[in-house]
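So you can see what is in the structure, the chains are spelled out below.
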Amino acid sequence: MVESSIFNEMYVNQGGVRSHYGSFEGWLAGQSDDLMRLKRTEADQVFRRVGITFAVYGDGAGMERLIPFDVIPRIIPQPEWRLLETGLRQRVRALNCFLHDVYHDQEFLRAGKLPIDQVLQNSQYRPEMRGIDVASDIYAHIAGIDIVRAGAGDYYVLEDNLRVPSGVSYMLENRRMMMRLFPELFVRNRVAPVEHYPDLLLENLRSVAPQGVDDPTVVLLTPGMYNSAYFEHTFLAQQMGIELVEGKDLFVQDGAVFMRTTRGPRRVDVIYRRIDDDFLDPTVFRADSTLGVAGLLDVYRSGRVTLANAIGTGIADDKSIYPYVPDMIAFYLGEKPLLANVPTYCCREPDDLQYTLEHLPELVVKEVHNAGGYGMLVGPASTRGEIEEFRDRLLARPDNYIAQPTLALSTCPTYVEAGIAPRHIDLRPFVLSGTQITMVPGGLTRVALREGSLVVNSSQGGGTKDTWVLEE
Amino acid sequence: MLSRTADHLFWMARYIERAENTARMLDVTLTTSLLPQSPRQAELGWRAMLGISELQPSYDAVHPTMSAPLVLDFMVRDPDNSSSIYSCLQAARENARAVRGALTTDVWETHNYTWLQLQTQLRDGLLERDPKQFFEWVKFRSHLSRGVTIGTMLQDEAFYFIRLGTFLERADNTARILDVKFHELGDGQSQRDGQSQRDDQSQRDGQSQRNGPEQPGSPHYLDYYYWAAVLRSVSAFEIYRRVYRDVITPLRVAELLILRPDMPRSLAASVNEVCGTLERVKNDRSGETARRAGLLGAELRFGRIEDLLARGMHAFLTGFLERVNDIGQGISQDFLVPLETPQ
């Protein structure tokens, strides 16, 4: 990739500053290097003291790391955000329609829009959910949609995260940090607030309580303190004022879910669960799971407890289903998709596999069920050996992979060792669906800190930035 | 609230209190070890400190000899010693982390920062350079976490289970600090039977002088310094002077630290807090635990020091520790996650 062909969020190619960055750039130019270094150190110290850390798998249990935070914000002008927001609402609505359909009448499949086997044979499809009605017909209550900007500045949806998307706590903490470090910036710029996200989330969760429950008890179910996103679980539970429970705190009795409290059992109505389907109920899914609650699925199927997100949402965010989302929007909503997909080659198709094998060094190849940047190949950033090794894995199980062109992700100026340099970024807005769809402006901006790297996942050495949507 | 949450809060508070009292105990032992005495006596002082924490066997397993630096190392920074200050502060922080959502940000950050700073302190050699300052630091971090708890937390169950942990641990620890002198005398069993060569000095005063003859030649001023150090270790030296306006005698020290309800680290005050807090969190299972705590509280409230110590201070304290342990088990059974092994 030629550097000049990459869209820079702050500068136009000939060195001018984009107008929405004008005020910030002027301010930054007036700050001394020493002061900025001091502020960055302060940010690190505060994050450590506050304990905003995440655990890295394979690093030994209990290893905590900071996610690097960059003090240069990613700024989105209002008109662009309006387009994104409308597009995201549309997309998530269609995805929820698809999920309801796939577990009920399967009209989309019967209309031939998607090969039926590709759904029914998919490990993310949960036959246990067939014919089950969930509150308000909503499955993906919390969706984290990954957006990238490429080419001349067009937005694309890179993937839909509909199972247990994480990162929203960093969005909130990053804002808090920026306001603490540089209060004057928020006087000079009209930055749309995001701090009310926990309120929206709680409202959303309460709105999908089982029928007849007026004052629902909502809890957040965590796998426990060694989970990589444990900080976020505690943070959200605290901000919403709900109990943070582990599987062993819950039990099923008389067809309802209860938690063990110091005053005896207490009924639970809505579970915001941050553990995967597989671990939810050892009597139905993985029997070796110690994280879940025996009998939970029965209560869920009888409609006496709400799970958010619903069981079986993985079928809609599977990377092999992703190429069909634009069709879902047309099919269920009768609308034209406002946000584009990235062109995708499904390796289960012989032609696509052929193309992928011939173009491995240029493509990004991903496992269909995986997330978090694990199990993927970034062709241009890989050695010949790595590519050949991946080729073998691909040939062994073509249906397990999809391939996409390596996008020239947009960059944003970022503090690195040598000063400020452009680094690739993406954006994860969070869309809440209940009786209505709500979201806060912006989302979590992740940044790949290594020069040239396109992988922004925190588990792979990515950092984060505050994300500003400017009000007009 | 969740039983598991209450459990973490309870143990978070116990561990920070235990760290504080370990620092206090080490401080008094270090101070008394500086008095003019034979190396043998100094060693006995350190042995007593380990004995009272029930750690002599695990110390002997790693250190063949006894010396102040080795004991300090073992009691402060040894991660394999679950009672070391390092382990206690880590456990307090891990318990806090498990339920940080139930804490105010201020409380959580205090525990987290204590843990982070501890590692810096130990790495920078503060313990070796200035142990007293290190112990001061531990005490102040504990003061801070308690103050932040009182100053920021809603007074709901979360708050009460923290308080319950604090005072149950304090009752236990103050009793141990008082008893440390007994352990200095060597074999506890013979002492209990009244067969020891040396008197339990706490009973030297007045009516409670029952357990055999005073050891001849034991310089009396050492006694003074010993009990003064005990008083200082629980921040009670000035209080003693104000309350009694008199010379320091073991019986009065015992009275102050056992019976005075207005002395914040006394057994009476600690058990009082436990009783009051149990009343606030009571459920339909906790009646028996509350009764036992209440009975213990009543004995301390209405008892006379001479009667309590009739069989000797050590016997009294041993019985007291057993009852505190029993109340702790009751609390676990009634409200928390039942203990697998007695702590």
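Cut-offs applied
Residues numbered from 1 in each chain as written. Chains lettered and ligands numbered in written order. Predicted model: local features only at pLDDT ≥ 70, side-chain atom pairs only at ≥ 80, totals over all residues. Helix = DSSP H or I, 4+ residues; strand = E, 2+ residues; numbered from the N terminus. Contact = placed C-beta atoms within 7 Å. Pairing = 2+ DSSP bridges. Axes fitted to C-alpha atoms, helices over the stretch in contact; angles between N-to-C directions. Core = buried A, V, L, I, M, F, W, Y, C linked by C-beta atoms within 7 Å. Buried ≥ 20, exposed ≤ 12 C-beta atoms within 10 Å, placed from the backbone. Parallel < 35°, antiparallel > 145°, perpendicular 65-115°, else oblique. Left-handed = near helix turned anticlockwise from the far one by under 90°. Nonpolar A, V, L, I, M, F, W, Y, C, P; charged D, E, K, R; others polar.

1. Some details on the overall build of chain B
- What chain B contains, in helices and strands, is 17 helices and zero strands.
- Here the contacts in chain B between residues at least 6 apart in sequence split such that 67% fall between residues at least 24 apart.

2. Thoughts on unusual backbone geometry
- Note the cis peptide between alanine 308 of chain A and asparagine 309 of chain A, where omega equals -5°.
- The topology assignment puts asparagine 309 of chain A in the loop between strand E12 (306–308) and helix H11 (314–317).
- Unusually for a residue other than glycine, serine 136 of chain A sits at a positive phi of about 55°.
- Here serine 136 of chain A shows up in the loop between helix H5 (116–120) and strand E4 (142–150).
- The phi angle at serine 235 of chain B is positive, at roughly 55°, despite the residue not being glycine.
- Structurally, serine 235 of chain B is set in the loop between helix H11 (220–233) and helix H12 (237–244).

3. What about the pairing of strand E9 (residues 256–261) of chain A?
Residues and elements named next belong to chain A.
- Bridge count for strand E8 (residues 250–253) against E9 is four bridges, and the pairing is antiparallel. Paired with glutamine 253 across the bridge in E9 is alanine 256.
- In sequence, E8 turns back onto E9 through a hairpin of two residues, with aspartate 254 there showing a positive phi of about 50°.
- Examined bridge by bridge, E9 and strand E10 (residues 264–268) share five bridges and lie antiparallel to one another. Its bridge partner being in E10, threonine 261 is matched across the sheet by glycine 264.

4. Focus on the sheet that holds strand E6 (residues 218–221) of chain A
Residue and element names in this part refer to chain A.
- Pairing in this open sheet of four strands is parallel, and the strands run E7-E6-E11-E12 from one edge to the other. Each edge of the open sheet carries a strand with a single partner, namely strand E7 (243–245) and E12. Neighbour-to-neighbour, the strand axes of the sheet open up by a mean angle of 30°, direction not taken into account.
- Here three bridges tie E6 to E7, and the two strands are oriented parallel to one another. Within E7, the residue paired with leucine 221 across the bridge is valine 245.

5. Overview of the nonpolar core
- Grouped together as the largest cluster of nonpolar side chains are 211 residues, with contacts concentrated most on Leu9, Leu257 and Val274 of chain B.
- Excluding anything up to four places from it in sequence, leucine 257 of chain B contacts Thr174, Leu178, Val234, Ala236, Met263, Ser266 and Leu267 of chain B.
- Residues Cys347, Leu363, Val365 and Tyr401 of chain A belong to the second largest nonpolar core, which totals 12 residues.

6. Some words on the interface of chain A and chain B
- In this assembly, 19 residues from chain A lie in contact with 18 residues from chain B.
- Elements supplying a minimum of two residues to the side of chain A that touches chain B: helix H2 (33–50), helix H9 (230–240), E7 and E9 of chain A.

7. Regarding the packing of helix H14 (residues 267–281) of chain B against helix H15 (residues 287–302) of chain B
Residues and elements named next belong to chain B.
- Between H14 and H15, the least distance of the axes is 9 Å, while the angle of their chain directions is 150°. By the angle between their axes, H14 is roughly antiparallel relative to H15. Relative to H15, the crossing made by H14 is left-handed. Residues Leu267, Ala268, Val271, Asn272, Val274, Cys275, Leu278 and Glu279 of H14 pack against Thr289, Ala290, Ala293, Gly294, Leu296, Gly297, Leu300 and Arg301 of H15.
- Looking at the contact of H14 with H15 residue by residue, the class counts come to 10 nonpolar, four polar and two charged.

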